[in-house]
Every structure is written in structure tokens, then in C-alpha cells.
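# Fold and contact review
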Amino acid sequence: MRTLNNILVPVDVMEPSGFFIEYAKMMAEKFGAKITLLYARPPLDRFYDVYLTDDVVAKLKSDAKERALVELNEIAERQLQGIDVSIKIRRGQPQDMILEMTEKGDYDMVIMGTHCRRGVERVLFGSVASRVVRHSTLPVLTIHPDECKR
């Protein structure tokens, strides 16, 4: 039987995550696994470096990274008590960073949430979760928020 030792849990700190964090905790408790919370910060340089000075851009990046770290630590403290948790922040397209970590890291599974996007919204914004599911060599458990079920 396959074991779970380390579960990768990508989190978008700008979106609610409680609905899938509880599943990650349940799996970690059941198998005695560690959880790695990952936040992949999309590169936004092309949107603001034309209008802002380098020092302002550096400050914005630093502040965003610090806020993400605070959010991830709060998730770990509030929702993952009793679990061995590590936190990673990467800069790049979320699906690329998640897939890179599954290939290079020592992970056994990915657990992530979905957004319930449909139709034009899905076409315009795509789906990080669907790309990860299609391209990951690891098992991926996707969890839909309750509003998807309505």
C-alpha cells in the first residue's frame, strides 16, 4: 500500500481556503503525514514596473511576500494544529510552481481547492487545479467549495 508522508497544499492567500485545508488535515492525521503549504505569487512586474520606480516595486514585492507569509502562518496555527507544517512561497505562475514542486520535491499527494468557474469565466481565467490534475505525476485531490454544490 502506498503511504503519504508529505502532502503539498497550494493556497491562494487571496481566496478562502478553509474548505480544503480541513481535508488536508484529515489526511495528514490519518497517515501521520507532513503538510507543505505553498503560495505561488504570480509575477506582476509587467503591470506596474512601467509606472513605478524600482524601489517602489521592490517594496511592493516585499510587502506582498510578508503578507502571504503572515496568512500562511495563520492558516497553519488556526487550522493545522498538531500537524508538522512547512511553508513555502514561490514566485511564478501558480500551476507551473505547483507542478515543479511535485516533480522536484518529496511529495506524495497534492490537495487543493477549486473556484467553481464555469463558461466564459473559466475560459478567460483558466483553472490552475485542472492544469495540475492534467499534468501532475502525483495523485491530486481537488475539493470544491460548498457554493459549487448549489
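These lines cover the structure that appears in this document, whether it is placed above or below. Numbers given for residues are sequential positions, taken from 1 along each chain in its written order. Local features in this predicted model are restricted to residues of pLDDT 70 or higher, and side-chain atom pairs are both shown and tallied only at a pLDDT of 80 or more, whereas totals for entire chains, interfaces and linings draw on every residue. Water and hydrogen atoms were dropped before computing side-chain values, which therefore reflect all heavy atoms in the structure.

### Regarding the packing of helix H4 (residues 94-104) against helix H6 (residues 128-135)
- Angular values range over 0 to 180 degrees, each being the angle between N-to-C directions of two axes fitted as lines to C-alpha atoms, with helices fitted over their stretch in contact. Working definition: helices are DSSP H or I runs of at least four residues, strands are E runs of at least two. Numbering for both runs from the N terminus. It is the contact of H4 with H6, at a shortest axis distance of 9 Å, that shows an interaxial angle of 30°. Classified by the angle their axes make, H4 and H6 are roughly parallel. The handedness of the crossing between H4 and H6 comes out as right-handed. Mapping the contact onto sequence places Pro 94, Gln 95, Ile 98 and Leu 99 in H4 and Val 128, Arg 131, Val 132 and His 135 in H6.
- In this classification, Asp, Glu, Lys and Arg are treated as charged, Ala, Val, Leu, Ile, Met, Phe, Trp, Tyr, Cys and Pro as nonpolar, and every other residue, Gly included, as polar. Of the residues contributing to the contact of H4 with H6, the split by class is 5 nonpolar, 2 polar and 1 charged. An angle below 35 degrees is read as roughly parallel, one above 145 as roughly antiparallel, one from 65 to 115 as roughly perpendicular, and any other as oblique. Crossings are sorted by hand: turned counterclockwise from the far helix by less than a right angle, the near helix makes the crossing left-handed, and turned clockwise it makes it right-handed. Pairs of residues are marked as contacts when any of their non-hydrogen atoms sit within 4.5 Å.

### Brief notes about the pairing of strand E2 (residues 34-41)
- Burial classes: relative accessible area under 20% of the type maximum marks a residue as buried, over 50% as exposed, and values in between as partly exposed (1.4 Å probe, protein chains only). By the criterion of burial, E2 is predominantly enclosed, with 7 of the 8 residues buried.
- In this analysis, strands are considered paired if DSSP registers two or more bridges between them. Looking at chain direction, strand E1 (residues 6-10) and E2 are connected through 5 bridges and run parallel. Across the sheet, residue Leu 8 finds its bridge partner in E2, namely Thr 36.
- When E2 meets strand E3 (residues 85-91), the two strands line up parallel, connected through 7 bridges. Each residue of the ladder has a partner; that of Ile 35, found in E3, is Val 85.

### What about the nonpolar core?
- We call a set of buried Ala, Val, Leu, Ile, Met, Phe, Trp, Tyr and Cys residues a nonpolar core when their side-chain atoms join them within 4.5 Å. Ile 7, Val 9, Val 11, Ile 21, Ile 35 and Leu 37 are the most contacted members of the largest nonpolar core, which has 25 residues in total.
- Going through the elements one at a time, E1, helix H1 (18-31), E2, helix H3 (54-79) and strand E4 (109-113) are the ones with two or more residues in this core.
- For this core, the leading source of residues is H1, giving 6 residues.
- The next biggest cluster of nonpolar side chains, apart from the first, holds 11 residues, and it includes Ile 98, Met 112, Ala 129 and Val 132.

### Some thoughts on the sheet that holds strand E5 (residues 140-143)
- With parallel pairing, 5 strands are arranged side by side in an open sheet as E3-E2-E1-E4-E5. Every interior strand has two partners, whereas the edge strands, E3 and E5, have only one. For this sheet, the mean inter-axis angle between neighbouring strands, taken without regard to orientation, is 20°.
- Sitting on the sheet, H4 touches E1, E2, E3 and E4, and the angle it makes with E2 is about 145°.

### Here's the deal with H4
- Looking at H4, one finds that the buried residues are Pro 94, Gln 95, Met 97, Ile 98, Leu 99, Met 101 and Thr 102.
- Turning to H4, the residues buried within the fold contact E1, E2, E3, E4 and H6.

### Some words on the side chain of Arg 41
- Here Arg 41 is to be found in strand E2.
- At a separation of 3.3 Å, a polar atom in the side chain of Arg 41 contacts the main-chain carbonyl oxygen of Lys 61.
- Not counting residues up to four positions away in its chain, the partners in contact with Arg 41 are Lys 61, Ala 64, Lys 65, Ile 89, Arg 90, Arg 91 and Gly 92. Contacts described as polar in this section are N or O atom pairs within 3.5 Å, which, within protein, must combine one atom able to donate a hydrogen with one able to accept it, while residues neighboring in sequence count only if both atoms come from side chains.

### Some thoughts on the pairing of E4
- Most of E4 sits out of view: 5 of its 5 residues are buried.
- The alternating pattern of E4 places Met 109, Ile 111 and Gly 113 on one face and Val 110 and Met 112 on the opposite face, and all of these are buried.
- Summarising the sheet, E1 and E4 pair through 2 bridges and their orientation is parallel. Bridge pairing in E4 links Ile 7 to Met 109.
- Bridge count between E4 and E5: 4 bridges; the pairing is parallel. Within E5, the residue paired with Ile 111 across the bridge is Leu 141.

No statement about biological role is implied by the geometric values presented.
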